[in-house]
Each structure stands twice: as C-alpha cells, then as structure tokens.
Amino acid sequence: MLLRQGSIGPSVTALQRELSAAGYPASVDGHFGPKTEQAVRSYQRAQGLVTDGIAGPKTRALLHGVKEGRFLRQIDLVNAAERLGVELAAVMAVNEVESRGKGFHIGGPRNGVPIILFERHIMRRQLQHHGINPLPYQRAKPDIVNASPGGYVGGHREHNRRERAGEIHTGASIESASWGLFQIMGFHWKRLGYESAENYAADMAINEANQLDAFVRFVEKDKGIHAALRRHDWAGFASRYNGPNYAANDYDTKLAAAYRRHDQSMRLAA
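A quick note: this is a predicted structure, and the numbers were derived from the prediction, not measured. Counting starts from 1 at the beginning of each chain's written sequence and moves along it residue by residue. The predicted nature of this model means local features are confined to residues of pLDDT at least 70 and side-chain atom pairs, given and counted, to a pLDDT of 80 or more, with totals for whole chains, interfaces and linings taken over all residues. Hydrogen atoms and water are omitted, and side-chain values are computed over all heavy atoms in the structure.

Undergrad: Just to check I follow, could you spell out helix H4 (residues 74-84) for this structure?
TA: Residue pairs three or four apart in sequence face the same way in an α-helix, which turns once every 3.6 residues. Note on exposure labels: buried denotes an accessible area under 20% of the residue type's maximum, exposed denotes more than 50%, and partly exposed covers the range between, all computed with a 1.4 Å probe on protein chains only. Starting at the N terminus, helices and strands are each numbered in turn, a helix being any DSSP run of H or I of at least four residues and a strand any DSSP run of E of at least two. Within the sequence span of H4, burial applies to Gln74, Asp76, Leu77, Ala80, Ala81 and Leu84. What you see down the axis of H4 is that its buried residues fit within an arc of 155 degrees, all on one side. Two residues or fewer past H4, Gly85 is found with a positive phi of approximately 70 degrees. Of all possible arcs, the one meant is that of the directions from the helix axis to the C-beta atoms.

Below is the structure:
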C-alpha cells in the first residue's frame, strides 16, 4: 500500500506513530497532510531513500527495522537524470508512476528476489527465435507457452512459471519476463548492452540501482521516449512506454501531476 497526501485511515495513523517513534514527529490523526509528508521526506532523506514523500513498502520496511542495501537511493535518480540530460523532477515522476514501487519481493517465500511478470506469448515467440518448435509445449503447457497473453498468477508465483519455462530453455524464459522496478523485458538484453539474457537477469538481482540503469539504457536507445521525457511530453512518453492504451490508465495525467509535485517540492527546498 502506498500512503501519500490525501490518504486517511488506520494505516496513516500507524505510519504517523512509527515516524514519531523514529524521531520525525507527525500529528497522529489518521490524515496524511503536508506535515506528514514532510516527516516522510525527512525520514527518507536521512535513510538515503528516494525522497518522494510517499510511504511505500520500502519506507515502511525501514521503519519496521528491515535493513536492505538494495533499495533505490535519491542519488541514483540524480545520476540517472544527469546521464539522460533531463530534470530530476521528470525522472522522479517516472519512478513514481512507472515503477512498481519496489524491485524485490520483501518477505515471503521469495524474499529478496526481483519482481517479475512472465509473458507466455513472448515465451512462444522466443522459443521460435531460438529455433525451437513451440507447438508441443503449447499443447502440453499452455500456461507458460501460448499464442495469447495471460495465465498470470501474480506476485512471487510468477517465478514458478518462469522456472518451469526455464526447463524448456533458460534464455527464452528470462527473455519472456519483465524485470524489476521498471519491468524492462528480458528480450531487450542485447540491445541494451548486456552480455546475455542470463547476465541481464543476474544484474537485475543485484539491486534497484541496476534496475534503474536498465531503464536508463532503454530510454537512451529510444529517441522518441528520450525526447518526450526531455520536453515533458507525458502523452508522448506514455504512448511509447505503456503502449497505445496508455490513456485508459491515465498514465500521462499521473506523470504530469507527479512531475508538478516533485518540481514544486524542489523549488520550495531550494
């Protein structure tokens, strides 16, 4: 759950108590207002986290005493913005809207494993790419090899699907999953400069900074996305990054709102 300005309820009350106990006072009233956001930002800044004022799973994990060195840091976003030649507020907006909030599973049977989503229709295509007839596998295992998208089971169980696909072909199974914070598909590995699909997967398993690096490489290779990000053309960015149905999920308006919020926060802090 993401808690941000406007959130209300018991979860906000618990967050305010946790912040106050950590030395970042916030009124314990169950309403996430400007003062609570400032307390969250101050805590995030002190911990080296992305300073976005949103209490997501990583901020809450640290408040609960979970120490994790793989989380994305504010300096990682600063470096990405400099490398791409875009405003920091623009990169922070993309991180807020387009990332999944966390690049690794926190807790549970797959604790510390990168978040993925396995695509069975891509697996069919990649098997063909590797010279393997997919039809026998499509008949026997339609949940992992199929002409149509779907079959998702969500969460950590997506790794079960990918590992089963890996029994057919390891590289194709990695290429058929989207990985980490920004869910960059594995089949881009060569275009983005990785040595192999296996090297890409290993890199995504190290930390969220590497997952951000994959996103930066992706933007650098797509001139249209890069240009749209530079000029804050959020509809253009979303149409290229999220696909033609981007407006159904309001990606462009969410990006624009996030950019304005981060830009205003930076101006006030200057």
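Undergrad: Mind showing me how you'd approach the packing of aromatic side chains here?
TA: Here a ring pair, both rings aromatic, is described through the centre-centre distance and the interplanar angle of the planes. Only the six-membered ring of Trp is used, alongside the rings of Phe and Tyr, when aromatic pairs are assigned; centres must lie within 6.5 Å, and planes under 30 degrees apart are stacked while those over 60 apart are edge-to-face, with the rest tilted. Using the criterion set out here, one finds nine aromatic pairs in the structure. Relative to Tyr43, the ring of Tyr24 has its centre 5.5 Å away and its plane inclined at 80 degrees; by these criteria the two rings are edge-to-face. Residue Tyr24 is found in the loop between helix H1 (10-21) and helix H2 (34-47), and its partner Tyr43 is found in helix H2; the two are separated by 19 residues along the sequence. Judged by its relative accessible area of 21%, Tyr24 is partly exposed. Among the residues examined, Tyr43 registers a relative accessible area of 4% and is labelled buried. The interplanar angle of 85 degrees and the centroid separation of 6.0 Å between the aromatic rings of Phe218 and Tyr241 together place this pair among those described as edge-to-face. With a gap of 23 residues between them, Phe218 in helix H11 (residues 208-221) and Tyr241 in helix H13 (residues 234-241) connect regions that are remote in the sequence. Every member of this aromatic cluster is reached through a ring pair, and the members are Phe182, Phe215, Phe218, Trp234, Phe237, Tyr241 and Tyr259. Across from the ring centre of Phe187, 4.5 Å away, lies the NZ or CZ of Arg125, which sits over that ring. Placement of a charge over a ring requires the Lys NZ or Arg CZ to be within 6 Å of the ring centre, with the centre-to-atom vector within 35 degrees of the ring normal. Positioned above the aromatic ring of Tyr251 is the side chain of Lys254, whose terminal nitrogen or guanidinium carbon lies 6.0 Å from the ring centre.

Undergrad: How should the packing of H1 against H2 be read in this particular structure?
TA: At a minimum axis distance of 11 Å, the contact between H1 and H2 shows a crossing angle of 50 degrees. For the element pair H1 / H2, the angle class is oblique. Classified by chirality, the crossing of H2 by H1 is left-handed. Residues Leu15, Gln16 and Leu19 of H1 touch H2, and the partners they reach there are Thr36, Ala39, Val40 and Tyr43. Along the lines of polarity and charge, the residues of the contact of H1 with H2 split into five nonpolar, two polar and no charged. Every axis in this analysis is a line fitted to C-alpha atoms, fitted for helices over the stretch in contact. Angles between the N-to-C directions lie between 0 and 180 degrees. Each angle receives one of four descriptions, namely roughly parallel if under 35 degrees, roughly antiparallel if over 145, roughly perpendicular if within 65 to 115, and oblique otherwise. Left-handed describes a crossing whose near helix is turned anticlockwise from the far helix through less than a right angle; right-handed describes the clockwise counterpart. Contacts are residue-level and defined by heavy atoms, with any inter-residue pair within 4.5 Å sufficient. Only Asp, Glu, Lys and Arg are considered charged, only Ala, Val, Leu, Ile, Met, Phe, Trp, Tyr, Cys and Pro nonpolar, and every remaining residue, Gly among them, polar.

Undergrad: I would appreciate a short explanation of the environment of Lys102 in the present structure.
TA: Inspection of the secondary structure puts Lys102 in the loop between helix H5 (88-98) and strand E1 (116-118). Residue Lys102 is classed as partly exposed on the basis of its relative accessible area, which comes to 23%. Residues Lys102 and Leu181, 79 residues apart in the sequence, show an inter-C-alpha distance of 5.8 Å. Not counting residues within four places of it along the chain, the set of residues in contact with Lys102 comprises Pro57, Lys58, Ile115, Leu181 and Glu208.

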